[in-house]
Each structure stands twice: as C-alpha cells, then as structure tokens.
Amino acid sequence: MRDRIERMIEQTMNTCLSWVVSKDGAVLFEDPLDHVEISAHYGNTHMAASLIIYGTIKNSNTYIEKGEALLNSILDRWNENKILLGFHNDFNNFALCVIDSFTPKYHDRIKACVMETEDTAFDTINWLPMRWFVNKCRYEWTNDKAYQDICDKCKSMIKSATYSDGYIEDMLPLGTSFSLQYNVATVAFMQYLRVMGEELDLGLQTGALLNSVMPDGDINYFGRGTNQVFAWGLWIYLLSSGNLNGLDTALTYLEKHLTDMLSNNNMMLNDFDGKDKYMWWDYHYCSVYTAHLLFWLVLSLKDYGKKDIEPKLVTDGSSGVHVLRNDDAFVVTFDGRDNYLAEKGPAIEAVWSKKSGAILKGAFGPWYGLFGNDHLMADATIRNFMGLFTLKSENDGGVNNPLIKKLQSKIRKDPEETIKPLFLSPSVDITDKIRITYKLEGLPMLINIPYYSGDISVIADGERINLVDTMKLRTQYGWINIKQQRIESAKELIIEIS
C-alpha cells in the first residue's frame, strides 16, 4: 500500500509541478483555472512542503531545490500576503512549521514569519489542531507558557465539540455546522499531533468515521464538503499512520477518481471539467485543494504505521448522525444543522444496497448566503434532496372557485411555483428492502426522489402511487435521476428501495 500511495504522489506531483512558474523574479504556484497564485489561501505553502519533504524521502535534490525556491519566494512575499483578505493563517503557519525540521537553513526565517503572524481570528474546529501544532512549535522555540495555554485552549474546544458517539462538530456552539469532510480533517490533524508526540486517544473518533464509510468506499458524502478531494489526503493519512483497516478501500476509491480529477483541473471526485466550477463553493480553487491532497499523501508515506489507533464504536446518535448497516444495505440519516442548506435536516444522506450499489449520496449543495453564491445552480441544489416538498403556485386558493377563476382571468399574472423542503424525521427499517417512513399532516406535497440506481416505490396511506421520472440533475457526484409525484394528502408515506 506504500507503493500505491507513492504512485498517487507521483501522479499528483506531476500535475502540480506544471503550476510552479517564475514571473517577475518570483516563484509562484499558479492556479490553472484562475491563472494567478491564490496567495491568500495555502496552495503555495503546501506545495513547497510537499516538494521538500518528498524530495527528502526520495533523496531527490531536484524536488528539494524546486521546493526551496518556492519556499524562498513565499517567505519573501509573506508580509504582503498575510494581510490579504481571507489569508489562511493557521494553514500557512502549520505548513511552515511542518517544513521547519526539513530545512534547517530556513529555520530563522520560518520562525520569524510564524512568530509574527497571528493565529486565525475565528475558531473553526478543524483549524484548531493546526493552531495547536503551531503554538506547540512556538512554545518549543521560546519556552513562553502563553503558547502552551493556547494549545490547551485548542484541546479544550475540540473536546467541547466532540459528541459522545465520537463525531466532531465543526463550529461551536453545538448544532451549528457538521460535515463529514471537516470531521475527517479534525481527526487526521489530531493524529498528526499524536505522531508528533501529543498524548491523545482517538479511538472513539476513528470508530465513528470507520462506521460511516459507505460500502463503495466513500467517506465524504454529506455536509458542506460533499465529494471534495480535501478530505481524501487527510483520510488516507489517518488510516495509514494509524495502521487501520480500511486503507485498501480508501486507496481504491481515490485511485478510481484521481486521474479524471487531475486531468480536468477539478477539486471534486467526479468527471466534470473544473472550468465549470460546478457546485463549488466560493472559496474553492483547484490548485489549493490539489496541493493539499499532495501534502497529506506525502505525510501519509512519511508517517506510515507510526502511531496505531484502536477504534471504538458508540452509536448513541448524540451527534445526530445515524448509520444503519448490514451486509445487504446501508443508510445514513442526519438530524441537521443551522448554518448551511447542505447540512439542513432531518435528511437522508446516503442509501446503498448490495443489489443496486450506491442509490443516493449527498443532499443539497451550495446555496445563497454563506459562501454559496458564485457557482450556484439553485434548481439542481434544491432538488438534490430525497424527501418531500410543499408546493405553492399562483392558482392556490382559488383555482376551483368559478368566481375567483373569472376574476383571475382578468388579471395578468406570470406563472410561478414555490417549492420548499419539508424537514421531517424519517424512521428507517432494513429487512428484505430498505423502508423509509414519514408521518405527515395530510397537506399537499411533492415527493422528490433522486437516485443513481435501484428499484424505488412509494406507498401513501397503504396505496402504491405512480412515480414519474421527471428530470436528470448534475450533482456533486454526477448525473442523477429524479422521480416525483404530487400527493394531495397523506398521513403516512413509505419509500421502499431495493
């Protein structure tokens, strides 16, 4: 499996090297789509680290020299870059601290930059382990207890964000935001801290994630990070450094998608052209996420088998993530969070059967407001949801009344219809079929069922209804079919899937 990791490193490295360019006396890591270096993010520092560390592992002066040339340019431009709007302080400080032990001749410059650059002002949970490591380094450099206090604060906040079932919230207070991708990131970053000497027990957190892996190998199928590659280098790092079962499955899944992702300048594991930035969030850049993948693949090779983890499993549902699985079927439901439509619930997040494979994964997508505006396809996002919508049209309230119909005919009105998702808690039962049951209040509604494959039927108050294939949508994974039907009234609705 080390060889497989190394092959992916070489493949990703070859792509990223073409983005290292010299312009106006500076060495830049240029994005292939935006044609500038995304200097406020962290692609350049992660690329420099990848070159230097992998060059050291492979005893390649060529890689080391390229990495040091990029690093030198980053340090030259550090003070102007760190004041850019959206500068990712914790990511960039972290990368410099990781590089530090591999480049003694740059130690003084790295130390000066890290000491003079503040931590990020907000406390997104998956950023905190990086901040912890940076302040661990500052403490070792200065012996100033204030930095150890910051480490302790980061540890305490992560603990506060961790549920009794092992899943980790990405923002406090609890109930704000949860994503599998950022949960993977937090645990993998903490595993790096373990490798670097911190005493931490990650058994519960790792057990939760291993239990969440779909039978097709996917670990990143719901929340704000759905199907983004950001999770995958980190996931492989956690599995490889922790000596965990599941590494082969993860490598197989990434190997299946990596070539298309790289050749298309994409940052999702689908076969779409990255230039469309389809269902990307506003802060996404191909070069940044690809360099991040490369960095963690390199660390996966470097730290392979370094710090075993003993997984533990608790399924009390305290996080709102509910995984139901046996040899024949797999279903994940999620109670939902407040901040992003991609994390609203209750929602069905994944359905798989032995007979049909992946039937559904990923709900919703980017939406208006928080970082979801630039590449939004609202129709596709809103309909990428298995469940029920309320309906409202311009004729509601009067279409069957002759007098009102006559009055309406005199008034010119543009056609319109409003759909709104109904967030209802389903009960799920797995027997010979998957049965998802909703208790309803009888109001008119639209049943909406996205599916990649599978036999699907719906029973409303004991009567099987006729589902109609109405459209296909592009989701984060690819093209998906949509079955729909209008239901005038029902008290109980059952979706049967096999």
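As a convention, each chain's residues are numbered from 1 in the sequence order in which they are written. Residues qualify for local features only when their pLDDT is at least 70, as the model is predicted, and side-chain atom pairs are given and counted only at 80 or more; totals for whole chains, interfaces and linings, by contrast, use all residues. Only hydrogens and water are set aside when side-chain values are computed; all heavy atoms of the structure are taken into account.

Caption draft 1: Representation of the sheet that holds strand 3 (residues 321-325) within the structure. Being paired, for any two strands, means DSSP has found at least two bridges between them. Here a helix means four or more residues in a row that DSSP labels H or I, a strand means two or more in a row labelled E, and each is numbered from the N terminus. The strand order across the open sheet built from 4 strands is 3-4-5-6, with neighbouring strands paired in antiparallel fashion. Of all strands in the sheet, those with a lone pairing partner are strand 3 and strand 6 (357-361), marking the two edges. The mean inter-strand angle of the sheet, taken between neighbouring strand axes irrespective of direction, is 10 degrees. In terms of strand pairing, strand 3 meets strand 4 (residues 329-334) through 5 bridges, oriented antiparallel. Paired with Val 321 across the two strands is Phe 334, which belongs to strand 4. Sitting on the sheet, helix 10 (residues 203-212) is in contact with strand 3 and strand 4, with an inclination near 55 degrees to strand 3. Axes here mean lines fitted to C-alpha atoms, for a helix over just the part in contact, with angles spanning 0 to 180 degrees between N-to-C directions. We call two residues in contact when some of their heavy atoms are within 4.5 Å.

Caption draft 2: Structural view of the sheet that holds strand 13 (residues 463-465). The 5 strands lie next to each other as 9-10-16-12-13, forming an open sheet whose pairing is antiparallel. Two strands lie at the open edges of the sheet, namely strand 9 (427-430) and strand 13, each paired on one side alone. Averaged over all adjacent pairs, the angle separating strand axes in this sheet is 25 degrees, with direction ignored.

Caption draft 3: A look at the packing of helix 1 (residues 2-17) against helix 12 (residues 247-263). Between helix 1 and helix 12, whose axes approach to 11 Å, the crossing angle comes to 20 degrees. The orientation of helix 1 with respect to helix 12, classified from their angle, is roughly parallel. As for how helix 1 packs across helix 12, the hand of that crossing is left-handed. The residues of helix 12 that touch helix 1, namely those facing Arg 4, Ile 5, Met 8, Gln 11, Thr 12 and Thr 15, are Asp 248, Leu 251, Thr 252, Leu 254, Glu 255, Leu 258, Thr 259 and Leu 262. Here the term charged refers only to Asp, Glu, Lys and Arg, the term nonpolar to Ala, Val, Leu, Ile, Met, Phe, Trp, Tyr, Cys and Pro, and the term polar to all other amino acids, Gly among them. Broken down by class, the residue content of the contact of helix 1 with helix 12 amounts to 6 nonpolar, 5 polar and 3 charged. Just so you know how the angles are binned, under 35 degrees is roughly parallel, over 145 roughly antiparallel, 65 to 115 roughly perpendicular, and the rest oblique. Handedness of a crossing follows from how the near helix is turned relative to the far one, being left-handed for an anticlockwise turn of less than a right angle and right-handed for a clockwise one.

Caption draft 4: Spatial organisation of the pairing of strand 14 (residues 468-474). Here strand 14 runs beside strand 15 (residues 479-487); their pairing, made up of 6 bridges, is antiparallel. Of the residues in strand 15, the one forming a bridge with Leu 473 is Ile 480. In sequence, strand 14 turns back onto strand 15 through a hairpin of 4 residues, with Gly 478 there showing a positive phi of about 150 degrees.

Caption draft 5: How the structure looks around the environment of Val 134. Note on placement: Val 134 falls in helix 7 (residues 128-142). Considered as a pair, Val 134 and Leu 251 are 117 residues apart in the sequence and their alpha carbons are 29 Å apart.

Caption draft 6: Quick peek at helix 10. Exposed residues in this analysis have more than 50% of their type's maximum accessible area, buried residues have under 20%, and partly exposed residues fall in between, with area computed by a 1.4 Å probe over protein chains only. Counted residue by residue, helix 10 has 8 buried out of 10 residues, so it is predominantly covered. Those residues of helix 10 not exposed but buried are Gly 203, Gln 205, Thr 206, Gly 207, Ala 208, Leu 209, Asn 211 and Ser 212.

Caption draft 7: Structural context of unusual backbone geometry. In the segment running from Leu 172 into Pro 173, the intervening peptide bond is cis, with an omega of 5 degrees. Along the chain, Pro 173 falls in the loop between helix 8 (145-160) and helix 9 (180-195). Note that the residue after Gly 345, namely Pro 346, is joined by a cis bond; omega there is 5 degrees. Here Pro 346 is to be found in the loop between strand 4 and strand 5 (347-353). For His 35, which is not glycine, the phi dihedral falls at a positive 60 degrees. With respect to the element layout, His 35 can be found in the loop between strand 2 (26-29) and helix 2 (43-58). The phi dihedral of Phe 364 falls on the positive side, at around 60 degrees, and the residue is not glycine. Summarising the element assignment, Phe 364 is placed in the loop between strand 6 and helix 14 (378-383). A residue is classified by how much of its surface remains accessible, and Phe 364, at 0% relative accessible area, is buried.

Caption draft 8: Representation of the packing of aromatic side chains in the model. The aromatic pairing rule takes the rings of Phe, Tyr and Trp, using the six-membered ring of Trp, and pairs them if the centres are within 6.5 Å, calling planes under 30 degrees apart stacked, those over 60 edge-to-face and the rest tilted. Scanning all chains against the criterion turns up 36 aromatic pairs. Arranged with centres 5.4 Å apart and planes meeting at 45 degrees, the rings of Phe 230 and Tyr 289 form a pair that is tilted. Here the residue Phe 230 occupies a position in helix 11 (residues 230-241), and Tyr 289 occupies one in helix 13 (residues 286-302), the gap between them amounting to 59 residues. Assigned by exposure class, Phe 230 and Tyr 289 land together as buried. Consider the rings of Trp 232 and Tyr 253, whose centres lie 5.0 Å apart with planes at 10 degrees: the pair is stacked. Taken as a pair, Trp 232 in helix 11 and Tyr 253 in helix 12 lie far apart in primary sequence, 21 residues in all. The same class applies to Trp 232 and to Tyr 253, which are both buried. Three or more aromatic residues joined by ring pairs form one cluster here, namely Tyr 42, Phe 91, Phe 122, Trp 127, Tyr 182, Phe 230 and Tyr 289. One residue, Arg 474, lies across the ring of Phe 272, its end atom 3.8 Å from the ring centre. Distance and angle both matter: a charge sits over a ring if NZ of Lys or CZ of Arg is within 6 Å of the ring centre and within 35 degrees of the ring normal. For the cation-ring pair, Arg 474 lies above Tyr 278, with the distance from its terminal atom to the ring centre recorded as 4.2 Å.

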